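A structural walkthrough
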Amino acid sequence: MLQGDRKISENPPVIRQLDDGAINRIAAGEVVERPASAVKELVENAIDAGARRIEVAIADGGKTLIRVTDDGCGISEAQLPLAMSRHATSKIDGSDLLDIHTFGFRGEALPSLGAVGRLSITSRVVGEGAFSISVAGGEMLAVKPAALGGGTIVELRDLFYATPARLKFMRSDRAESQAIGDVIKRLAMAEPFVGFTLRDVTGGGDGRVTFRADPENGDLFDALHGRLARILGAEFAENALRIDAEREGLRLIGYAALPTYSRGSAVAQYLFVNGRPVKDKLLVGALRGAYFDFLSRDRHPAAALFIDCDPQLVDVNVHPAKSEVRFRDPGLARGLIVSALRHALAEAGHRASTTVAGATLGAMRPEPIPAGGGARVYQMDRPSLGARTAAYHAQAPGLAEAPAAWDATPGAGLMEAPVAGRVEALDEGPVGTEETAEAQPLGAARGQVHENYIIAQTKDGVVIVDQHAAHERLVYEKLKRQMAENGVAAQALLIPEIIDLSEGDCARILAVAEELSKFGLTLEPFGGSAVAVRETPAILGEVNARAMVLDILDELDDQGESLLVQAKIEAILSRVACHGSIRSGRRMRGEEMNALLREMEATPHSGQCNHGRPTYVELKLADIERLFGRT
């Protein structure tokens, strides 16, 4: 260190007691990072007060005004000064810091906000008059009468005016407004029976509503589904699987999207513990692990998951902003998420995201609308079953042996040109077989185009199947089942590889040694902080054991778990499945195509390939007719 950088003078340091203003400003630095942090604290207070409707108004990204209005229980005249005092709260009695059933409990938010901004509270309790109190820069004014019908209005102006250095670190008004909107949306997900409104009043007046979510009705799942549709969009709601599982005192509910409805980043992952929005490494890792086998590394699942448990089983007081939690049994929470999501994904079977069909229809463009006229509408009767049957026979391969009179017709030469599509003549089965096949989810095969895509007809639409991607997934699932039943073969090293690690890394790698051994990687302690690698997975061939162990440690440090060995093994299985599946360009007989469709229906996860891409697209007849102007 340079001499000029010394932080301690030659004289002995003197310990001083800081005044209340400095204490509150320091606390505000931990609790209030930006305007969104202030909004979070105030809205959580409103929810704790039993509010059913909450309105938030902001100006200039929350820098000059944050106003939260609620219809909660209110604060009495005598308690208003106490509400502005540090560590004064109505939510706990201090006897047990683990028995927490509310968002807030520290009693720091209001005095911290009053220390760095101009804060006023107007509140009214049922049966009493309304009163107001103000704090500016830590200086509290006297309580005075006010006019208010009920509930509470908290107004924070000029945030960080008392600490102007903090203003230099604020982002643009637009960025701060977006952060506030994200906070409101997360809290709205956690409370579907509460109405939320976010209004931007920059420039004065009533401003404009940037977000609104009315209280939902029905049971918990109906209300949650409606709220998620409002916030995350109808497409998420259509492609989300209901999650409801319980294990040893922990209950997991929520909705998780199909793998084919994935995102390019983790922006659509929302996790809650006892109603509190959290960004916890353990829970994010569990969510990633549940989708591990269905998405490539550059795709991320979309989900809104809620864990409810006895407050004694989780510590929410481990982070200043309460955005992280610590479970008494982390493995239980992780296992619950992984098993519940995988069970739901398995039950979804071959189902694929509706956005796939939407994108397909969106790529099809109708003919241009004539100038000066509306869109053409063609009114045609749908052909009868007999007419459709006759048309199918007319397109059958046997038509090539038709009388020569047909060949003499104009344009017959066009029929002789080679084509990439063909209709497969299906063996006639018992009466009703055709209708039975069409009633299946993926329908009955009608043909093959470009020797790679199977066209199937369902009762109300058309299914297009990528034969290679679909069969690749089926083979992959079979290989995984075989591996699960027979285990991963391990190859013993002639000379065990000794790897020297730090004490911490050695303890962490040995803690997961039993899990790694299931995948053929056997580790043993070798004295001190060294480990010995005695076996590696045979399917991986020659392995750089040291590099693998170090990569596993990096994953453990970054994500709290390691799927590296499993990923490498399943990557090999995926390549084997790719080479062992039906190739693009292979002609398939009708019975082969139908057999593939039936196997897809019976195999979990067959709706997406090993990389998360869809294996089929379903187009509804109504959408097809709309493309041709029939409706």
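Everything in this summary refers to the structure shown in the same document.

Focus on the packing of helix α2 (residues 35-48) against helix α4 (residues 109-116)
Where α2 meets α4, the closest approach of the two axes is 10 Å, and the angle between their N-to-C directions is 140°. As judged from the angle between their axes, α2 and α4 are oblique. Pair α2 / α4 crosses with left-handed handedness. Touching Ala38, Glu41, Leu42 and Asn45 of α2 are Ala109, Leu110 and Leu113, all from α4. Looking at side-chain class alone, the contact of α2 with α4 contains 5 nonpolar, 1 polar and 1 charged residues.

Side note on the packing of aromatic side chains
Inspection of every chain in the model, using the stated rule, returns 3 aromatic pairs. Ring plane angle 65° and centroid distance 6.2 Å describe the contact between phenylalanine 236 and tyrosine 261, whose orientation is recorded as edge-to-face. Taken together, the residues span a long stretch of sequence, with phenylalanine 236 in helix α8 (residues 234-238) and tyrosine 261 in the loop between β11 (250-257) and β12 (269-273) at a distance of 25 residues. Among the residues examined, phenylalanine 236 registers a relative accessible area of 3% and is labelled buried.

So, the pattern of salt bridges
Scanning the model with the defined rule gives 23 salt bridges in all. Its salt-bridge partner being arginine 157, residue glutamate 155 comes within 3.0 Å of it at the nearest N-O pair. Given a relative accessible area of 37%, arginine 157 falls into the partly exposed group. A salt bridge links arginine 586 to glutamate 592, with the shortest nitrogen-to-oxygen separation between them at 2.6 Å.

Here we look at the environment of cysteine 578
Its place among the elements puts cysteine 578 in helix α19 (residues 564-580). Residues cysteine 578 and tyrosine 476, spaced 102 residues apart in sequence, show a C-alpha to C-alpha distance of 8.1 Å. When sequence neighbours within four positions are dropped, the list of residues in contact with cysteine 578 reads His468, Glu472 and Arg583.

Conventions adopted
Residues numbered from 1 in each chain as written. Predicted model: local features only at pLDDT ≥ 70, side-chain atom pairs only at ≥ 80, totals over all residues. Heavy atoms only, no water. Axes fitted to C-alpha atoms, helices over the stretch in contact; angles between N-to-C directions. Helix = DSSP H or I, 4+ residues; strand = E, 2+ residues; numbered from the N terminus. Parallel < 35°, antiparallel > 145°, perpendicular 65-115°, else oblique. Left-handed = near helix turned anticlockwise from the far one by under 90°. Contact = heavy atoms within 4.5 Å. Nonpolar A, V, L, I, M, F, W, Y, C, P; charged D, E, K, R; others polar. Phe/Tyr/Trp six-rings, centres within 6.5 Å; stacked < 30°, edge-to-face > 60°. Buried < 20%, exposed > 50% of the residue type's maximum accessible area, 1.4 Å probe, protein only. Salt bridge = Lys/Arg side-chain N within 4 Å of Asp/Glu carboxyl O.

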